[in-house]
Amino acid sequence: MSKPSPTSNRVLLIDDNVSIHGDFRKVLSSGPEDTAQETLAQLEADLFGDRKNAPARPNFEVDSAYQGQDGVAMAGAALERGAPYAMAFVDMRMPPGWDGLKTIEELWKVDPDVHVVICSAHTDYDWSEVVERLNHSDKLLVLRKPAEPIEVLQCATALTRKWHNERLVRDHMQELEQVISVRTRGLEAATRQLRHLATHDALTGLPNRVLLDDRLTQAMAHVDRDGRTFALMVCDLDRFKLVNDSLGHGAGDELLQEVGRRLSGLVRSTDTVARIGGDEFVMLITSIHQQEDAKGLAIRAVEVLQAPVRIAQVDVHTSPSIGIAFYPQDGKTIEALIAHADAAMYCAKQRGRGCVQCFEGDMSAGLDNRVQLESDLHQAIALKQFELYYQPKVHTDTGAVRSAEALIRWVHPERGVITPDAFIPLAEDCGLIGAIGEWVVQEACRQARAWRLSGLAPMRVSVNLSPSQFRGSGLIHTIRRALDDAGLEPQYLEVELTESAVMSDPEESIAILEQLSAMGVLVSVDDFGTGYSSMSYLRRLPIDKLKIDRVFINEIVSRPEDASIVRAIVSLAHSLRLKVVAEGVETPAQLDFLKAVGCDEYQGFHFSRPVPSREFERVVREKAQADNFTQEDANRTHSKLAAYRRK
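Residues numbered from 1 in each chain as written. Predicted model: local features only at pLDDT ≥ 70, side-chain atom pairs only at ≥ 80, totals over all residues. Heavy atoms only, no water.

1. What to know about the overall build of the protein chain
To be explicit about the condition: The helix and strand labels rest on DSSP assignments: H or I over at least four residues marks a helix, E over at least two residues marks a strand, and numbering proceeds from the N terminus. Burial status follows relative accessibility: with a 1.4 Å probe on protein chains alone, a residue under 20% of its type maximum counts as buried, one over 50% as exposed, and anything between as partly exposed. Only heavy atoms matter for contacts: two residues are in contact if any of them lie within 4.5 Å across the pair. Note on areas: Shrake-Rupley with a 1.4 Å probe; residue coverage comes only from the protein chains shown.
A count of helical and extended segments in the protein chain gives 25 helices and 22 strands. For the protein chain, with 647 residues in total, the buried portion stands at 48%. At a minimum sequence separation of 6, the contacts of the protein chain that also span at least 24 residues come to 71%. When the accessible area of the protein chain is evaluated, it comes to approximately 32100 Å², of which 52% is carbon and sulfur surface.

Written out as structure tokens, the structure is:
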């Protein structure tokens, strides 16, 4: 229904006396003669200079009805047209139809907002009876017949103005209610969204730890009541960090979303798949009849996740390690159950990755040990518990030691010396690998300079860079600062990168390696032969050396296939003007073969194990030949690109 015009003064007159209608119209409506008289008065005032601004007389639009039924019908029709009456004058007696009170009752049924003036020459009803029957005293006046024109005009003016004010207030209230309703709906939607965000993972849309805890509580209550069991599976993606480091966090997010979809497709609607952080998912499998059912589901999860995921034009392969714990035998609290499933998952990782492992009693000790080791690792740098060991790199033909590989050791106050394979994966998981790698670069540069100052022949030191350290934005700054702080020339620092780290994004690797080469730092590709190097990229990479992985050296004498691979790598490297280093050399026979094929350098137990800096200095002085390491030697071990940039 449309809103009435705020300037409309519509009046309905209901009276069976026709002459009354004419009298009311003369009072309430301005006819043509009134308008002419007013115009003449204004002209006369203008002529004699006696113009006065007389108040404008109100003008009303009057409609007539001669019986109550007709008046009610007219009020209903006006309301439907969107032009309701502001007030009505109603005669008390209108034979043969309704009387005034009946007419007003029906009128208010049609339009409860219309104001009414009862017109009567008789006292048929007492005022209290009228109010009791009509119950609208604030919209009702009584006018005694015969009425004075001024009384009629005052009633019409007052009630129409009151009607207009009420309409304005009501319309304003409706607008406010509409605004409040819209805002309330918005707040309700925001509340629902906040509630969802509080209980679901923002990336995958899966339940988070909060909702998982709630569903675990419900599952425990059901099991305690009906005697069944349920399984809790912790699923961690193997080598997920490599995806983030090589393809970026956006690719990692895509992989996590796809993993969430695939796991959700395996379970029933009564089960729960949650993401509780990083690359760790949890599956709550309710109402299990046999433990083998849960193991079968976990095996299917491994199979489902083995299918490659196409991300950034690359087929990404992933696999999960899954640990399973059962309620109540493996834990009677949420914390214990998750911790034991987590321990089983870590055990699965240690047994080969892509595996499923159920919790066993002795696994919790291993988890406690890992937690304690991680806690100690956070303090190791500050407490100066790390130490670099050095393994000589020996010239294959002359036996001269011209460089050494720096290998980190953790000298734990209680556990003794801890090798990198025991704590580097942990450092990567807890985000400490960057700080540790930076310390290694700084310490290696400092030690190389210290050897020079102690009189040892110039010695190049190589350090291993993790994939995340290599891709990090601060690598060049870290290396330049380490060289400057130590006062070491760049050609006496060498960085070693795994083949997979370099080739994961060849174009980005080329840009980074060119910066290193331009500084004068040497670059070696470690574990060569185990990755997936493309020959087209290999010839473009500004590298200086290839390191043959020890897996090919172990049986180089007894396995013709390994001997052929080593021979091919050496030939390939030399054709690209790269030096070749063999690692893991342990026997004279292996060394003789490497000499025969022209390998440039070797390292391994045959010459020396990794040793502390003082022991390394002693070994070099006693066993190495006395020829000095000159600038010419340094130039000969640079790549063709590095040499070209120095010209």
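2. Brief notes about the packing of helix α14 (residues 433–453) against helix α16 (residues 475–486)
Heads up, the rule is: Angles run from 0 to 180 degrees between N-to-C directions of axes, and those axes are lines fitted to C-alpha atoms, restricted for helices to the stretch in contact. Convention used here: angles under 35 degrees read as roughly parallel, angles over 145 as roughly antiparallel, angles from 65 to 115 as roughly perpendicular, and any remaining angle as oblique. Handedness of a crossing follows from how the near helix is turned relative to the far one, being left-handed for an anticlockwise turn of less than a right angle and right-handed for a clockwise one. Residue type decides the class: Asp, Glu, Lys and Arg count as charged, Ala, Val, Leu, Ile, Met, Phe, Trp, Tyr, Cys and Pro as nonpolar, and the leftover types, Gly among them, as polar.
Two elements in contact, α14 and α16, have axes separated by 9 Å at closest approach and are oriented at 30°. With respect to α16, the axis of α14 lies roughly parallel. Considering only the axes of α14 and α16, their crossing is right-handed. Between α14 and α16, the contacting residues are Glu 438, Val 441, Gln 442, Cys 445, Arg 446 and Arg 449 on the first element and Thr 478, Ile 479, Arg 481, Ala 482, Leu 483 and Ala 486 on the second. Split by residue class, the contact of α14 with α16 holds 6 nonpolar, 2 polar and 4 charged.

3. Quick word on the sheet that holds strand β8 (residues 280–288)
In any sheet, the strands associate via hydrogen bonds between backbone groups, in a parallel or an antiparallel arrangement. So the rule is basically this: Here, strands pair whenever DSSP counts at least two bridges between them.
Overall, mixed pairing links the 5 strands, which are arranged β7-β8-β6-β11-β12 in an open sheet. In this open sheet, the two strands that pair with only one neighbour each are β7 (272–277) and β12 (356–358). Neighbouring strand axes in the sheet, compared pairwise and without regard to direction, differ in orientation by 20° on average. Both strand β6 (residues 229–237) and β8 contribute to a ladder of 7 bridges, which runs antiparallel. When the sheet's bridge partners are listed, Met 233 is paired in β8 with Met 283.

4. Section: empty space enclosed by the protein
Where empty space is left becomes clear once a probe the size of a water molecule has been rolled over the atoms. Selection rule: Note on definitions: the grid is 1 Å and covers protein atoms alone; a cavity is a set of points where a 1.4 Å probe fits but cannot get out; a pocket is an open set with protein on both sides within 12 Å along at least five of seven lines; lining residues have an atom within 4 Å of a point. Grid points are joined across faces, edges and corners, and a volume is the space filled by probe spheres set on the points.
Here the structure, examined in full by the defined rule, presents 1 cavity of 30 Å³ or more. In this structure, the largest cavity spans a volume of roughly 30 Å³. Lining the largest cavity, in full, are Leu 242, Asp 245, Ser 246, Pro 467, Phe 470, Arg 471, Ala 501 and Ser 504. Of all the secondary-structure elements, those providing two or more residues to the lining of the largest cavity are α8 (240–247) and α15 (467–471). Split into classes, the residues belonging to the lining of the largest cavity amount to 4 nonpolar, 2 polar and 2 charged.

5. Here we look at helix α7 (residues 209–226)
Rules: An expected span of 1.5 Å times one less than the residue number is assigned to each helix. Any pair of nitrogen or oxygen atoms within 3.5 Å is treated as a polar contact; in protein, a donor-acceptor pairing is required on top of that, and neighbouring residues in sequence qualify only through side-chain atoms on both sides.
In this model, α7 (18 residues) spans 25 Å end to end at C-alpha, consistent with the 26 Å of a helix rising 1.5 Å per residue. All of the buried residues along α7 are Leu 211, Leu 212, Leu 216, Ala 219, Met 220 and Val 223. The secondary structure elements touched by the buried residues of α7 are α6 (149–199), β6, β7, β8, β11 (320–327) and α11 (334–350). Looking at where α7 begins, the residue whose side-chain oxygen comes 3.1 Å from the main-chain nitrogen of Val 210 is Asn 208.

6. A few points about the pattern of salt bridges
Let me state the cut-off plainly: Salt-bridge detection follows one rule: a side-chain nitrogen of Lys or Arg within 4 Å of a carboxyl oxygen of Asp or Glu.
Counting across every chain of the model gives 33 salt bridges. Notably, a salt bridge pairs Glu 258 with Arg 262, separated by 2.9 Å at the nearest N-O pair. Of this pair, Glu 258 and Arg 262 are both found in helix α9 (residues 249–264), 4 residues apart, which corresponds to roughly one turn of the helix. You'll find Glu 258 and Arg 262 in the same group, each marked buried. Here Glu 615 and Arg 618 are joined by a salt bridge, their closest N and O atoms 2.3 Å apart. Within this pair, Glu 615 and its partner Arg 618 are both found in helix α23 (residues 613–623), separated by 3 residues, close to a single helical turn. Residue classification places Arg 618 among the partly exposed positions, given a relative accessible area of 37%. One network of salt bridges, with partners in common, ties together Lys 393, Glu 405, Glu 494, Glu 496, Lys 545, Lys 547, Glu 583 and Glu 601.

7. Some details on α9
The terminal C-alpha atoms of α9 lie 22 Å apart, and with 16 residues this matches the ideal 22 Å at 1.5 Å per residue to within 8%. For α9, every residue scored as buried is listed here: Ala 251, Gly 252, Leu 255, Leu 256, Glu 258, Val 259, Gly 260, Arg 262 and Leu 263.

8. Brief notes about the sheet that holds strand β5 (residues 140–144)
Strands sit in the order β2-β1-β3-β4-β5 across an open sheet of 5 strands; the sheet is parallel. Of all the strands in the sheet, the pair left with one neighbour each is β2 (61–65) and β5. Sheet twist, expressed as the mean angle between neighbouring strand axes with direction ignored, is 20°. Here 4 bridges tie strand β1 (residues 10–14) to strand β3 (residues 87–91), and the two strands are oriented parallel to one another. Bridging from a neighbouring strand, Leu 12 pairs with Ala 88 of β3.

9. A look at the environment of Ile 479
Its place among the elements puts Ile 479 in helix α16. With a relative accessible area of 0%, Ile 479 lands in the buried category. Spatially, the C-alpha atom of Ile 479 lies 8.3 Å from that of Glu 438, the residues being 41 residues apart in sequence.

10. Concerning the confidence of the model for the protein chain
Heads up, the rule is: pLDDT measures the predictor's confidence residue by residue and takes values from 0 up to 100.
Residue-level pLDDT values for the protein chain average 84, and 87% of them are 70 or greater. Note that residues 1–7 has pLDDT below 50 and, in this model, 13 contacts with residues that lie over four places away or in other chains. Taken together, the stretch residues 625–647 has pLDDT below 50 and engages in 47 contacts with residues farther than four places along the chain or on a different chain.

11. Thoughts on the side chain of Thr 229
The residue Thr 229 is located in strand β6 in this model. A polar atom in the side chain of Thr 229 sits 2.2 Å from the backbone oxygen of Tyr 327. Ignoring sequence-local partners within four residues, the contact set of Thr 229 consists of Val 223, Thr 286, Ser 287, Ile 288, Phe 326, Tyr 327, Pro 328 and Gln 329.

12. Quick look at the packing of helix α3 (residues 68–81) against helix α4 (residues 100–110)
Between two packed helices, the angle of one axis relative to the other and the distance separating the axes together describe the packing. α4 packs onto α3 with a crossing angle of 15° between their chain directions and a minimal axis gap of 9 Å. Accordingly, the angle class assigned to the pair α3 and α4 is roughly parallel. With respect to the hand of their crossing, α3 and α4 are arranged in right-handed fashion. Only Thr 103, Glu 106, Leu 107 and Val 110 of α4 make contact with α3, whose side of the interface consists of Gly 68, Val 72, Ala 75, Gly 76 and Leu 79. Looking at the contact of α3 with α4 residue by residue, the classes come out as 5 nonpolar, 3 polar and 1 charged.

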